[in-house]
Each structure stands twice: as structure tokens, then as C-alpha cells.
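Observations on chain architecture
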Number of protein chains: 2
Amino acid sequence: MKLYKANIIFTREKEQFEVVEHGYVGVENGRVVGLASNADAFGEDVEDVVDYGDCLLIPAMNDMHVHAPQYRNQAISMDLELLPWLKQYTFPEEAKYKDTHYAERMYSRFVHDLWRFGTMRTVAFATIHLESTRLLMELFREAGMGAMVGKVDMDRNAIDALHVRVDEAMARNEAIIAEWNDPDGLVKPIITPRFIPSCTPAMLRACGELAQRYQLPVQSHLSENASEVAWVRELEPESRNYGDAYDRYGLFGQTPTIMAHCVFTAGDELELMTRRNVMVAHCPTSNLNLGSGIAPIRSFLNSGVKVGLGSDISGGNDLSIMRMMVYAIQMSKLYYNHDKSKHFLTLSEAFWIATKSAGSFFGKVGSFEPGYEFDALVIDDSDLNHDNYSLIHRLERFIYMGDDRHIAVRFCRGCEIPEPRIRD
Amino acid sequence: MKLYKANIIFTREKEQFEVVEHGYVGVENGRVVGLASNADAFGEDVEDVVDYGDCLLIPAMNDMHVHAPQYRNQAISMDLELLPWLKQYTFPEEAKYKDTHYAERMYSRFVHDLWRFGTMRTVAFATIHLESTRLLMELFREAGMGAMVGKVDMDRNAIDALHVRVDEAMARNEAIIAEWNDPDGLVKPIITPRFIPSCTPAMLRACGELAQRYQLPVQSHLSENASEVAWVRELEPESRNYGDAYDRYGLFGQTPTIMAHCVFTAGDELELMTRRNVMVAHCPTSNLNLGSGIAPIRSFLNSGVKVGLGSDISGGNDLSIMRMMVYAIQMSKLYYNHDKSKHFLTLSEAFWIATKSAGSFFGKVGSFEPGYEFDALVIDDSDLNHDNYSLIHRLERFIYMGDDRHIAVRFCRGCEIPEPRIRD
């Protein structure tokens, strides 16, 4: 067993932080054995003790929704409205990933930058292309970072270069599944119909069948903006709501499912999400940049719907999940300013959402309770801690005003993760 | 004359960027002489050419509302509501500035961090204390950075340690004015009644008289949140609105005036601001963190009211004015999502607000037009510019995803500003 010594902070429950000042976490076979204030508590079996001094030790970050092939478009042309932005920037960019050399250059930077910001597990959209999707998975594996990577399925309403026939799309999925579907793997496939408007019923049905055949997780977009919701109502008139449309194709909780945005999810749809245990990937910056609105995060928590945070590059402009916590709190303050019956998100709640709640999509990830995989960040906040702040205030300052410079060491599944190589 | 060569970007008008690719700016006696694509255009009078290669050169940032003595409280206890936060954190912290050693330690860090984020001009609240306010002004002067610093006047509704009798408060103001009221000074006093609820009518009257006697600018808070607005209505029943209350004491445009927040400014109050040429210091992060709401920034622009951006530490959590631009744009998207008759803030508008519009409060500051003081930042964005982005996209990426690491050189009034010393 290996011991790591630092100021340990995590959330078992969303209501409060667990803190062990100058404490030890014992790690064996990639998993947490336990926590203690004293090294002796771990008995004879200790091989090594790594002392991180006065640093903080927190669970690593999870990014629950991000478009890897939109990496190049991060933070450009944010003034455009959704439709011209998709046509002029998003779709043409994704079409470039037919070229694996281009994909390697961009994807290696993308994985590197996730690392920079301490994101050790990612649920990502790739593109429709088999080879570059494989490459992205390989880059995650080489980095030692966890990921669910979705080869995107779509066959309508985009551009020809991104439309793939159902049989060809499924053949590509099968190829990836054959190679990557290891239950213990850090990097896994996830079934990824882009969203209802870009998939014919035949495509959606095939995706649902594939997910159930291989018991694979599913990701997509749900109720992001008002005109999209109206469009889906036209496309799927028999469905009671947008979520129900996915449900009818076996894509809404029949296997573990995560849906990005859910800004307009309420009523029947919220009830169905709760029943089906569908997770929300809350993407506050993206929802602001695209003028979508604010997701009702307290309603999700009150209903028992699991939530995680997503950077949603390049709708979102920021890859830092710490920053997503800040935005999630700020947006909830604005939202619940108009509905005082509910309380805004607290710091411990936002932290719990980003770590333990999101992490549950990957198994036992996101906490330091015994049995959890040891995904962790060592935070050296010495320049922020110039005046004897409490440990919780130090964490809060790191989240609200820190950046990647404060992340000194990163662990995923018990291994220290070195800086991934950028391939230019 | 000295020439600086780089990719020059600034806003003459809010609707668009002016761009001179690999251009030259000529600077003499601290002011811009002109811009050209060719060094020959400046004639014989050139002493020196500094080549910043492929870097961007943009006007420096202006922070139009920030509480210097709340520096220690930046990014802590953001979950608290306004009143307990003031009582437990803000007021006790400000009371510490009776101790000039404490003030020196914190203020030197504050000035240092403004420098880090490229803020070369600041409109700051200090505290009620004469000596530590002098010290803050001295630190700005030593750094070579521009500032209007307000010794705060307040005599009710806070804590005893922060209440000062009107005659004593005015004596302290007179002492600062005697020492610092140089029309050409980079660092100047600004009359600073905290806000109506913390100033008796006698204090407000004395502040207004002082401002007019010495023709000094005025700063305060206006219409930040709904309960504050209601409170002011009770305190000043004869006034038609919150702005009118200041106006009746000679504190609303009789001399150059800047008011922070203005979230609830509309109708009569907006009309009065327009007529009196009162500037708004828009503080979007603070308004989110404190649950105040969103200021109607398009209404200000349409009415011809000048706007600048403020970090409002420690209601705000972030000292970066680049980040304030991003929040201002994002908040405007949310706001005007509900009122499609008006358009959200564009990138060039946010940039213009932060530079030329805000800078006008200091004179000819915030642009590279001839005669403007040369306040500038050299942006080395080479790590962000990995794929031949356009100059405007490079600027956008710096604003949306860059940080202080990308600011290579800072100028204020024509002088390169070295890193200020932190005094511990």
C-alpha cells in the first residue's frame, strides 16, 4: 500500500465537505483503502509515504460533455448565433477529422489540455470517422486518463460530409466495440447519436439496439434550446416529450445514459429522467454562450436526478471544470433569485456534482471513500494562501480564482499521470 | 519618438475593431502620435523601434470599480447572503486597515495583481482610514499605474469602527486633496460616499460640496439590488429615485461621476444618468455572486450612457477585466434572450467598453488614436495560436481562454511598467 499525505478534502454527501487536515490516504491496486490522521492506522503493509506538505488533495475532475473535434474552435466566433455557427464553424471543422494527421495534431492537444486542468475522466463526442475516433481513444489510453469516447452517429440535417448510412455507421461502431469493449478498461466506447434532429428513426433505432446488445452507455443532447425542443416535437410527433423520443428508441436509461444540457427539462420529461436514472451533463458556459438559458439544477437535485458538469467545448469556451463549478453556482443564484422557494447551489454541492456525482458514471470514482478508484489532484495553492486561510477557504479560492498552475500532481486510477505529449 | 511594432488591435468605435497587421505605433511624451504599416511614415524623428514580433498589441485594461481592502476576502465565503457576508467578512476586514502594516501587506499584493492582469487604470474604494488610503495611493504611484482612489466616507448602518463623523471625514479628505490633487497626476483622489444607506444626509451634502469645491470626481454604488433600492426609497422619501437622491446632494454628474452596478436602473433614473453623463461601472461577476441580477447594458448603450467594467473584488471573485468582458457578453445573451428587441453585446462592444469607454473617465485613455495616452498590453498568445487563427480570433481566444501568462509587457502613459514589489 502507498500513502499520500496532504490536506485531504472531498464530499461524501453534497451537503458538506469531509476534511482531514494533514491526513493520509492509503492506496492499493488503484483504489482507496482508507483515510487516517496517522500513518500507523494503516498497519505494517505500507511500502511508501509521499508527503505533499501543506498542499490540498482533492478528487480529480470529470468532464461529462465535450466535443473533442471542436477543440480548434474553442473561443472563436462566439458572437454568432447557433445556426450560422454550426454551418460555418462546427460542421466544416468536424469534417476535417477524415484526415487522421489533422486529428492527431488536434486530439493530442485536446488530451493534453484536459490533463492541464486536472480532468482525469471525460465523456467525449468524437466525429463520424472510425480512424480518428480510434486515435482519440488511443491517445487517452496512452495518457492513462479515463474516457468514454463516442463515435458520432448522424444521417440528416447537417452537411453531406458528416452523414453516414445506418449500416455503415453501425459497422464502424462494431469495429470500435470489438477492439475497446473491455469492462475494466479506462477507455471505453459510448453510443452517441448526435441528437434527434440529426438522426433518422432508423439510425436512432440502430443505436438503441446496439447499446442494449453490448450493454453500452449512451450519450446525447436533450432540451438545449427552445427552438430545438420545438423541432423535435415536429420530428417525433408521437413522443410525449424530447426525452420520451429517445426512450422509444431504447436510448434513455435502458443502459447508463447521460444527456447534455436539459435546460428545458421539466414535468413529464424530468419525471422520466428520474425514473430511468438518466444523468444530466450540466454545461453552464455553453448555455450562456449560445443563449440557451439556465438549467434548473436544483430541480434535478431535488428529484434525485444525477448531475455532472461539462465544458462542452466549443459551445463552452473553457475546459476547466473548476470554472464550471463557479458558473454552475452563479447561474443557480440568478435562476433561484426569481424563485426563492429553492436555494442556489452551494460550494460543497457544486464540488460533489463535479466529483462524486459525475464520477458515478464511471463506477466508483470521485470520492476518497474506501473502494473508490484513486483519481486525485494535489493542489499547491501557496501563492493564494498568503494569510492563513482555513482549508475550506483555500479550496474555495482555488476553485474561484485558481487555475492549472495550482495543480501540482494528477492521479487517475492510482497512477500519477505525466504530461501527455503534444504531436505537431 | 519611439515605435512599437506588433499586430495592433483596438476599437475606435464600438461596432468594429481597428487592425494593423504587423504595424507600428509611434509614441512620444507618453502619447500616441499615430499608427502606420510602415516605419518610414513617422519620418526622421524616430529614436528607437521595439519589435514584438507576432504578438498582439492592445489597449490596457481599466477596472472601474474595486474595493482594494477586500483583497484578502477575494473568493471566500461566496455562499453567504449579502448581509451576513458584510457583517462577518467585509466590515471587520475593512476595520483592519487602521493598521498600516496590514494595509501595506495587502495593498501591495492588490496593486501587484492588478498589474498581473494588465489593469493599468483603476477606480478604487479604499477605507475610511487616512494613512492606509495615502499608502494605497503611494503604492500606485510607485508602480507607475493610474488610479483614482477614494477614501471612503460613511457614518451609519455599518459597524462603529467604520463610522466617522462628518467633520473628521472631511478633514481626512482635505488632507488627501492637499497632497494629491494634481490635474496631471496618474494617481488622484475621488470623492467616495460608500452609498446612501451608509451616509447621513449631512455626510452626503458634505461630500457633494467637497467634490464641487475641488472639481473632483465622485464614485459610489447605485441600484445594485432590489432590497437596497427599497431601503433608499425609505431613507430618501423626497427623491424620485436612487440616482435622484445622489443628485440632490450634488453627487450625480455635477462633477465626473461613476456609479457601480445600476442593475435596476431604468426609466427616470436612466434618463437622469444620461442627462448628467454619469458612467456605469458594470460588475457582472459581483452581480451574479451576490444574486443581484443582470444590468441592462444594451439600454445603457442605446441611451448613450457611458459604461466601463469593474471586478468589484470581493463581491466579484476575479480581477481579470478580460474575464469581465466575457461575463458581460454572456450575461447580455441571457438578458436579451428574454427581450429579443435588443441585441446582446458583441466582442468589439465589450472590448470598447473595457478600453475606450472606461478609459474616457481618465482622459484620453483606452484607444490608440493620436493624442491618446499610450496604455497598452503586449499579448504573446503563441500557445493559443497553434493553427493560423485570424488576428481577431487570436484576440477572442486571448479574451475567452487566456490569462495573465499571455501578457508579456504592460505600458501605462507611455512607460513600460515592471512587476510591482509585494511587501510581506
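Per chain, the residues get numbers from 1 upward, laid out in the order the sequence is written. Key to labels: chains lettered from A, ligands numbered from 1, both in the order written. The predicted origin of the model limits local features to residues at a pLDDT of at least 70 and limits the giving and counting of side-chain atom pairs to 80 or more, whereas totals for whole chains, interfaces and linings rest on all residues.

Comments concerning the overall build of chain A
To be explicit about the condition: Helix numbers and strand numbers start at the N terminus; a helix is a DSSP run of H or I with at least 4 residues, a strand a run of E with at least 2. Restricting the calculation to C-alpha atoms gives the radius of gyration, and the globule rule supplies 2.2 Å times the number of residues raised to the power 0.38. With C-beta atoms placed from the backbone, a residue is buried if 20 or more other C-beta atoms are within 10 Å of its own, exposed if 12 or fewer are, and partly exposed between those counts. Two residues qualify as being in contact provided that their C-beta atoms, derived from the backbone, are within 7 Å of each other.
Helix and strand counts for chain A come out as 13 helices and 17 strands. Over its C-alpha trace chain A gives a radius of gyration of 21 Å, about what one expects of a compact globule, namely 22 Å for 424 residues. With the principal axes as the frame, chain A shows a C-alpha extent of 60 × 50 × 40 Å. Taken over 424 residues, chain A has a buried fraction of 57%. Restricting to contacts in chain A with at least 6 residues of sequence separation, those with at least 24 account for 75%.

Here we look at the sheet that holds strand β15 (residues 376-379) of chain A
Residues and elements named next belong to chain A. So the rule is basically this: For two strands to be treated as a pair, DSSP must find at least two bridges joining them.
In spatial order, the strands read β3-β2-β1-β4-β15-β16-β17; together these seven strands make up an open sheet with mixed pairing. Whereas interior strands pair on both sides, the edge strands pair on one side only; in this sheet they are β3 (31-36) and β17 (415-416). As defined by bridge partners, strand β16 (residues 407-412) adjoins β17 across two bridges and the pair is classed as antiparallel. When the sheet's bridge partners are listed, F411 is paired in β17 with E416.

Notes on helix α13 (residues 391-401) of chain B
Residue and element names in this part refer to chain B. When you tally the buried positions in α13, you get eight out of 11 residues, the bulk of the element. Among the residues of α13, R394, L395, E396, R397, F398, I399, Y400 and M401 are the ones counted as buried. Packed against the buried residues of α13 are β1 (2-13), β4 (48-59), α11 (321-337), α12 (347-359) and β15 (376-379).

Section: the sheet that holds strand β5 (residues 61-67) of chain B
All names here are of chain B. Under the convention used in this document: As a rule, the C-alpha atoms of each element are fitted with a line to give its axis, helices using only the stretch in contact, and angles between N-to-C directions run from 0 to 180 degrees.
The sheet built from four strands is open, its strands ordered β5-β6-β7-β9 with parallel pairing. The outermost strands of the open sheet, each flanked by one partner alone, are β5 and β9 (187-189). On average, each strand axis in the sheet is tilted by 15° relative to the strand beside it, whichever way the strands run. By the bridge criterion, five bridges tie β5 to strand β6 (residues 119-125) in an arrangement that is parallel. For D63, the partnering residue across the bridge sits in β6 and is T122.

Focus on the interface of chain A and chain B
Our working rule: In this classification, the charged set is Asp, Glu, Lys and Arg, the nonpolar set is Ala, Val, Leu, Ile, Met, Phe, Trp, Tyr, Cys and Pro, and all remaining amino acids, among them Gly, are polar.
Listed as interface residues are 28 residues of chain A and, on the opposing side, 28 residues of chain B. Considering each element in turn, the side of chain A that touches chain B owes the most residues, five residues, to helix α13 (residues 391-401) of chain A. Looking at the side of chain A that touches chain B residue by residue, the classes come out as nine nonpolar, 10 polar and nine charged.

So, the pairing of strand β1 (residues 2-10) of chain A
Residues and elements named next belong to chain A. Here β1 lies mainly inside the structure; seven of its nine residues are buried. Pairing between β1 and strand β2 (residues 18-28): eight bridges, direction antiparallel. The residue bridging I9 from the neighbouring strand is V19, located in β2.

Concerning the packing of helix α4 (residues 166-180) of chain B against helix α5 (residues 201-214) of chain B
The description of two helices packed together rests on the angle between their axes and the distance between the axes. Residue and element names in this part refer to chain B. This is how the line gets drawn: Every angle not falling under 35 degrees, over 145, or within 65 to 115 is termed oblique; those three ranges are roughly parallel, roughly antiparallel and roughly perpendicular. If you view the pair so one helix is near and one far, a crossing is left-handed when the near helix is turned anticlockwise from the far one by less than a right angle, and right-handed when it is turned clockwise.
At a closest axis distance of 10 Å, the pairing of α4 and α5 adopts a crossing angle of 20°. Classified by the angle their axes make, α4 and α5 are roughly parallel. The way α4 lies across α5 gives a crossing that is right-handed. Across the interface between the two elements, V166, A169, M170, N173 and I177 of α4 pack against A202, M203, A206, L210 and Y214 of α5. Tallied by class, residues from the contact of α4 with α5 come to nine nonpolar, one polar and no charged.

Observations concerning the relation of the copies chain A and chain B
Let me state the cut-off plainly: The copies were overlaid by least squares, fitting only the C-alpha atoms of residues that reach a pLDDT of 70 or more in each copy.
With an RMSD of 0.0 Å, chain A superimposes on chain B once it is rotated by 180° and translated 0.0 Å along the axis. Such a combination of turn and shift is consistent with a two-fold rotation axis. A share of 100% of interface residues in chain A that are also interface residues in chain B marks the association as one of identical surfaces.

Structural notes on the domain arrangement of chain A
All names here are of chain A. Put simply, the test is: Start and end positions for the domains come from either an automated domain assignment or a database one.
Each domain of chain A was delimited in the assignment, giving domain 1 (2-60 + 366-416) and domain 2 (61-362). Look at where the C-alpha atoms of domain 1 and domain 2 centre, and you get two points 29 Å apart. With 22 residues of domain 1 at the interface, the matching set in domain 2 holds 25 residues. At the level of elements, α13 and β16 are the ones that each hand at least two residues to the side of domain 1 that touches domain 2.

What about the pairing of strand β13 (residues 279-282) of chain A?
Residues and elements named next belong to chain A. Rules: A right-handed crossover is one whose linking path, passing over the helix from the first strand to the second, runs clockwise when the strands point away from the viewer.
Of the two faces of β13, the one holding M279 and A281 and the one holding V280 and H282 are both buried throughout. For strand β12 (residues 257-261) and β13, the ladder comprises three bridges, and the chain directions are parallel. Within β13, the residue paired with I258 across the bridge is M279. Taken together, β12, helix α8 (residues 267-276) and β13 form a β-α-β motif whose crossover is right-handed. Two strands pair when backbone bridges link them, and β13 and strand β14 (residues 307-309) are joined in this way by three bridges, in the parallel orientation. Across the sheet, H282 pairs through a bridge with L309, a residue of β14.

Observations regarding unusual backbone geometry
Residue and element names in this part refer to chain A. In this structure, the amide linkage connecting I313 to the following residue, S314, adopts the cis form with an omega of 0°. In this structure, S314 sits in the loop between β14 and α11 (321-337). Of note, S77 is a non-glycine position whose phi angle comes to about 55°, a positive value. On the secondary structure map, S77 appears in the loop between β5 (61-67) and α1 (82-95). Classification of S77 as partly exposed rests on a count of 17 C-beta atoms within 10 Å. A positive phi angle, close to 50°, is found at Q215, a residue other than glycine. Inspection of the secondary structure assignment puts Q215 in the loop between α5 (201-214) and β11 (218-222).

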